[in-house]
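# Results of the structural survey
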Amino acid sequence: MIKPRHPKSSIAPPALIGGSIDFAGGGFANILKAYAQGKKLVAIAPLMNRIATNVVIRKSIADELGVTSDSPLDVKINALKGLKIGTNGPGALADLVARDLLGKVNLDPEKDVTLVALKGSAFLPAFSNGQIDAFVLSSPTADAAAEKFEGMILIRTVDEGFEPQPYQVLYTTPEYLQEHPDVAVQMVKSIVRAAEYINSEPDAAFDIVRNVLEGPQFSAEALRTGFDYTIRAVPNPVEFTEAGFSEALKFFNNGRKMAGDPPLTIEMELCWILGDAA
């Protein structure tokens, strides 16, 4: 029987290694971070095969700069220069995305912008009260900012800025995988069925999301807009590829380079290739 738990993304890897949970869903970067620390985890299924987050900017700033969501990517990134940008903290996925985007136009994340670390629930208040001018975060928070707080979604990374790669994955430890391969197979099959359902029945899948999240913070309209973009990252088919792994490693190493750390060199052994078993 599955017993869901909800540890924060940052504590899921040690919880797995410590044996308090058997599987975790989270950023592929978590696996690479663990490997850099001498600890091995294994991704068994991709949950999202594109980086699906958003860059939101205050619309008045965008208007003043003459920038829209249809502007070239380099123009949009350069519009962030000098701004206070909210992320979810150093080393977290949104922070890695922000730094990677800034690096594409040679902006220094430490000098050319001010990165402000925020918890998830603090993004909208910080944006609405002027504590930050922009932020990097997934839907539906980004869509709510555009709908209610005079924001504009400047960049949707599912569309531009990054090549397809395993972004969110289901992962476990090599020891658990070796001892319980049958359980892992069933977990992957469940992910395959879920991805097929989302891709083939998006309206029904959205109703599930809406029933969970609709409320004062997130309207049905904002949820639907964010959902329609986000599901474009749902894998079809559910599989790992060498090209995707290379892109994920490049993305992770870009973050390490900016932090002054050496790049990781590793083969695709961190991904479990299930093949026909799924």
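Residues numbered from 1 in each chain as written. Predicted model: local features only at pLDDT ≥ 70, side-chain atom pairs only at ≥ 80, totals over all residues. Heavy atoms only, no water.

It is characteristic of soluble globular proteins that their nonpolar side chains tend to be buried jointly. Counting residues in each nonpolar core, the largest one holds 57 residues, and the members touching the most others are F28, I31, I57, L80, L154 and Y171. The element that contributes the greatest number of residues to this core is helix 5 (residues 93–104), accounting for seven residues. Residues in contact with L154, not counting those within four places in the same chain, are V55, V56, I57, V67, T68, S69, K76, L80 and E160. Grouped together as the second largest cluster of nonpolar side chains are 22 residues, V56, I132, A145 and I153 included. (Core = buried A, V, L, I, M, F, W, Y, C linked by side-chain atoms within 4.5 Å. Buried < 20%, exposed > 50% of the residue type's maximum accessible area, 1.4 Å probe, protein only. Helix = DSSP H or I, 4+ residues; strand = E, 2+ residues; numbered from the N terminus. Contact = heavy atoms within 4.5 Å.)

To continue, consider the pairing of strand 5 (residues 114–117). Pairing between strand 4 (residues 84–87) and strand 5: four bridges, direction parallel. From the neighbouring strand, G86 faces strand 5, where its bridge partner is V116. Regarding the hand of the β-α-β motif, the stretch spanning strand 4, helix 5 and strand 5 is right-handed. (Pairing = 2+ DSSP bridges. Right-handed = clockwise from strand over helix to strand, strands pointing away.)

Time to look at the sheet that holds strand 4. The five strands lie next to each other as 5-4-6-3-7, forming an open sheet whose pairing is mixed. At either end of the open sheet lies a strand with only one pairing partner, and these are strand 5 and strand 7 (151–156). Strand-to-strand twist in this sheet, taken as the mean axis angle between neighbours without regard to direction, amounts to 25°. (Axes fitted to C-alpha atoms, helices over the stretch in contact; angles between N-to-C directions.)

A cluster of nonpolar side chains, namely Y197, I208, V212 and L213, defines an oily patch on the protein surface of about 380 Å² accessible area. Looking at the nonpolar patch element by element, the count peaks at three residues for helix 10 (residues 202–213). Relative to the helices and strands, Y197 is located in helix 9 (residues 181–200). Among the residues examined, Y197 registers a relative accessible area of 36% and is labelled partly exposed. (Patch = residues over 30% accessible without salt bridge, like charges linked within 9 Å, V, L, I, M, F, W, Y side chains within 5 Å. Areas by Shrake-Rupley, 256 points an atom, 1.4 Å probe, with all protein chains shown as cover. Salt bridge = Lys/Arg side-chain N within 4 Å of Asp/Glu carboxyl O.)

To continue, consider the pattern of salt bridges. Within the structure shown, the criterion is met by eleven salt bridges. Where K59 meets D63, a salt bridge forms, and the shortest distance between an N and an O atom there is 3.1 Å. Remark: D63 and K59 occur in helix 3 (residues 59–65); sequence separation between them is four residues, near one turn of the helix. For K59, a relative accessible area of 39% gives the class partly exposed. Residue R156 is joined to D143 by a salt bridge in which the shortest nitrogen-to-oxygen separation is 2.7 Å.

A few words now on empty space enclosed by the protein. As enumerated under the stated definition, the model contains three cavities of 30 Å³ or more in all. Considered as a void within the structure, the largest cavity measures approximately 60 Å³ in volume. Taken together, F28, A29, L32, L93, Q165, P166, Y167, A248, F251 and F252 make up the full set of residues lining the largest cavity. Counting residues per element, the ones that place at least two in the lining of the largest cavity are helix 2 (28–36) and helix 12 (242–258). Among the residues making up the lining of the largest cavity, the classes are represented as nine nonpolar, one polar and no charged. (1 Å grid on protein atoms, 1.4 Å probe; cavity = no way out; pocket = protein on both sides within 12 Å on 5 of 7 lines; lining within 4 Å. Points joined across faces, edges and corners; volume = space filled by probe spheres on them. Nonpolar A, V, L, I, M, F, W, Y, C, P; charged D, E, K, R; others polar.)

Two aromatic rings are characterised by how far apart their centres lie and by the angle between their planes. Following the criterion strictly, the structure yields six aromatic pairs and no others. Ring centres of F123 and F135 lie 5.5 Å apart, and the angle between their planes is 65°; on these two criteria the pair is classed as edge-to-face. Placement of F123 in helix 6 (residues 123–128) and of F135 in strand 6 (residues 134–137) is noted, with a sequence separation of twelve residues between them. The interplanar angle of 85° and the centroid separation of 5.5 Å between the aromatic rings of F127 and F135 together place this pair among those described as edge-to-face. Residue F135 is classed as buried on the basis of its relative accessible area of 0%. Cluster of aromatic residues (ring-pair linked, three or more members): F123, F127 and F135. Lying over the aromatic face of F127, R58 brings its terminal NZ or CZ to 4.4 Å of the ring centre. Here the guanidinium or amino end of K104 rests over the ring plane of F162, the centre of that ring lying 4.9 Å away. (Phe/Tyr/Trp six-rings, centres within 6.5 Å; stacked < 30°, edge-to-face > 60°. Lys NZ or Arg CZ within 6 Å of the ring centre and 35° of its normal.)

Among the residues making up helix 2, those that are buried are F28, A29, N30, I31, L32 and A34. As for helix 2, its buried residues are in contact with helix 1 (12–18), strand 1 (24–27), strand 2 (42–48), helix 5, strand 8 (168–172) and helix 12.

Purely geometric stuff here, so don't read any function into it on its own.
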